[in-house]
Amino acid sequence: MKPTKNIALQEKLYRQYMEFFEKAERDRRWSVFDDIPWDDINPEASEELALCVETFAAVEMFLPDYVASGINVVRDWFGRAWFQANWGYEESKHSIALGEYLMRSGKRTKEQWFGLHHDLVQKSWQPLFDTPRRMTCYGMVQEMATFVIYCKHRELAKQQDDNCLRTIYDLIARDEIAHCRFYQDVVKMLLEEDREGTLADIAHVLANFQMPGVGLVPDYDSRILKMRDAGVDRDVFIRKVYLPVLKYLGISRREMLSAQRVAIEQRAAQSANPAAE
Amino acid sequence: MTEKTDLLTMFKSVAENVDKKSFDDVTRESIITDLGIDSLSMMQIVGDMETELDLQIPDEDLVEIVTVGDLCSKLEHRIGA
């Protein structure tokens, strides 16, 4: 697929991005300095809550990799690449808000915060998929999962009377669902262009999906265990991610079966013989 | 009773076909998560059983499935509907 030569698709992508960008500029922009009630931090909020914030912030710290790798995969698609640039700005704000929360609440010192950054950047994130379409499908699923997680944590922050953190999660969740909608609308366009190929890519991404912090954030598994009650297990993934995404795209579960079967078989083959690919 | 046994047998066969491993020891009480079946394989197993039985479980009912017996019951309900 060579989208650069497909002017009609390029125009559609551009229009989609402009629609997203206009809404972002007119209605969704927020400021770390003006829109977060820093005075409403609850210093008595639990360490568990802080650990969750730290984990989210740690995942966000790989932003340079997400931006560099992500934007180069989609650089031939004008609207999609410009979206990636805007996405990087919004995610950087998320990272700053979470980090500021940790330091202003006293849950982490500056030394701990920058020490964590130092430890994290010794590793780098590598994209799981190498085509623009697969990366778009990945973005769609990942942003939806992230949105679900932030919504759950917003409720936890509310339960612990931390209005500051609740507001941060609220603002981030709003951004994440906007990102997800953009990806979904792009995938809809790609389905119109090549339904069979796009279904195959959606299935491939679902079969090989993992959240970006896996293998990068220290003690990721134990952190996730502590966050499990407010995370995304299999049932939540099906209910809040898989089914809503398919519904939005106008894909029935039955239509996914052939592509899913192939993707699951390929995953099993890859797992049995990792050197094959 | 026969129908219940048949759906359990069908589950084992379909799951084995999807995940390429044996599910011989599975009972209706088995919790699907404990069987090492991930989200996508779960949706594939459900979809393949629906196709074989020519019926469809409503999406909202899928979220109530915890055990293999829950899945079989949902299918039995649709067969009987």
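Above this text you will find the structure in question.
This report concerns the structure included in the present document. None of the values given here were measured: they were computed from a predicted structure.

Turning to the interface of chain A and chain B, a few remarks are in order. In many analyses, interface size is given as the accessible surface area lost on bringing the parts together. Taken together, the 18 residues of chain A in the interface contact 26 residues of chain B. Both sides together, the interface formed by chain A and chain B hides about 1900 Å², and carbon and sulfur atoms give 53% of it. When the buried area of chain A at its contact with chain B is split by residue, Arg234(A), Arg253(A) and Arg254(A) rank highest and sum to 39% of it. On inspection of chain A and its partner chain B, the count reaches 5 salt bridges. A salt bridge links Arg267(A) to Asp38(B), with the nearest nitrogen and oxygen atoms 2.6 Å apart. Here chain A and chain B share 9 residue pairs in polar contact (both at pLDDT 80 or more) between them. Those elements giving two or more residues to the side of chain A that touches chain B turn out to be helix 8 (195-207), helix 10 (234-249) and helix 11 (253-272) of chain A. It is helix 11 of chain A that provides the largest number of residues to the side of chain A that touches chain B, a total of 8 residues. Looking at the side of chain A that touches chain B residue by residue, the classes come out as 9 nonpolar, 1 polar and 8 charged.

A separate point is the packing of aromatic side chains. Residue and element names in this part refer to chain A. Applying the stated criterion across every chain, the model contains 18 aromatic pairs over all chains. Where Phe83 meets Phe182, the ring centres are 4.0 Å apart and the plane angle is 10°; that geometry is what we call stacked. With Phe83 in helix 4 (residues 78-104) and Phe182 in helix 7 (residues 163-193), the pair connects residues that are 99 residues apart, well separated along the chain. The residues Phe83 and Phe182 share a single accessibility class, namely buried. Ring centres 5.0 Å apart and planes at 75° place the aromatic pair Phe83 and Tyr183 in the edge-to-face group. Here Tyr183 lies in helix 7 and Phe83 lies in helix 4, a separation of 100 residues in the sequence. On the accessibility criterion, Phe83 (0% relative accessible area) is buried. We classify Tyr183 as buried; its relative accessible area is 3%. Put simply, the rings of Tyr17, Phe20, Phe21, Phe83, Phe182 and Tyr183 touch in pairs and so form one group of aromatic residues.

Close approach of charged atoms allows side chains with opposite charge to pair. Residues and elements named next belong to chain A. Within this structure, the stated rule accounts for 25 salt bridges over all chains. Put simply, Asp201 and Arg133 hold a salt bridge, and the shortest N to O gap is 2.7 Å. Here Asp201 is found in helix 8, whereas its partner Arg133 is found in helix 6 (residues 132-159), with 68 residues between them in sequence. Salt-bridge contacts for Asp170 lead to Arg154; the nearest nitrogen and oxygen are separated by 2.7 Å. Remark: Arg154 occurs in helix 6 and Asp170 occurs in helix 7; sequence separation between them is 16 residues. Given the relative accessible area of 30%, Asp170 is considered partly exposed.

Looking at where His94(A) falls in the secondary structure, it is placed in helix 4. Contacts of His94(A), omitting those with residues within four sequence positions, involve Trp30(A), Glu60(A), Ile172(A), Asp175(A), Glu176(A) and His179(A).

Residues and elements named next belong to chain A. Within the secondary structure, Ser31 is located in the loop between helix 1 (7-28) and helix 2 (47-60). Looking at Ser31, the relative accessible area reads 17%, which means it is buried. A distance of 3.1 Å separates the side chain of Ser31 from the backbone nitrogen of Asp34, its partner in a polar contact.

Another point: the packing of helix 10 of chain A against helix 11 of chain A. Residues and elements named next belong to chain A. Interhelical geometry of helix 10 versus helix 11 gives an angle of 110° and a closest axis separation of 11 Å. Put simply, helix 10 runs roughly perpendicular to helix 11. Contacts from Tyr242, Leu243 and Leu246 in helix 10 reach Arg253, Met256 and Gln260 in helix 11. Partitioning the contact of helix 10 with helix 11 into residue classes produces 4 nonpolar, 1 polar and 1 charged.

Cut-off values and rules
- Residues numbered from 1 in each chain as written.
- Chains lettered and ligands numbered in written order.
- Predicted model: local features only at pLDDT ≥ 70, side-chain atom pairs only at ≥ 80, totals over all residues.
- Heavy atoms only, no water.
- Contact = heavy atoms within 4.5 Å.
- Buried area = accessible area lost by both parts, 1.4 Å probe.
- Salt bridge = Lys/Arg side-chain N within 4 Å of Asp/Glu carboxyl O.
- Polar contact = N/O pair within 3.5 Å; in protein donor to acceptor, adjacent residues only side chain to side chain.
- Helix = DSSP H or I, 4+ residues; strand = E, 2+ residues; numbered from the N terminus.
- Nonpolar A, V, L, I, M, F, W, Y, C, P; charged D, E, K, R; others polar.
- Phe/Tyr/Trp six-rings, centres within 6.5 Å; stacked < 30°, edge-to-face > 60°.
- Buried < 20%, exposed > 50% of the residue type's maximum accessible area, 1.4 Å probe, protein only.
- Axes fitted to C-alpha atoms, helices over the stretch in contact; angles between N-to-C directions.
- Parallel < 35°, antiparallel > 145°, perpendicular 65-115°, else oblique.

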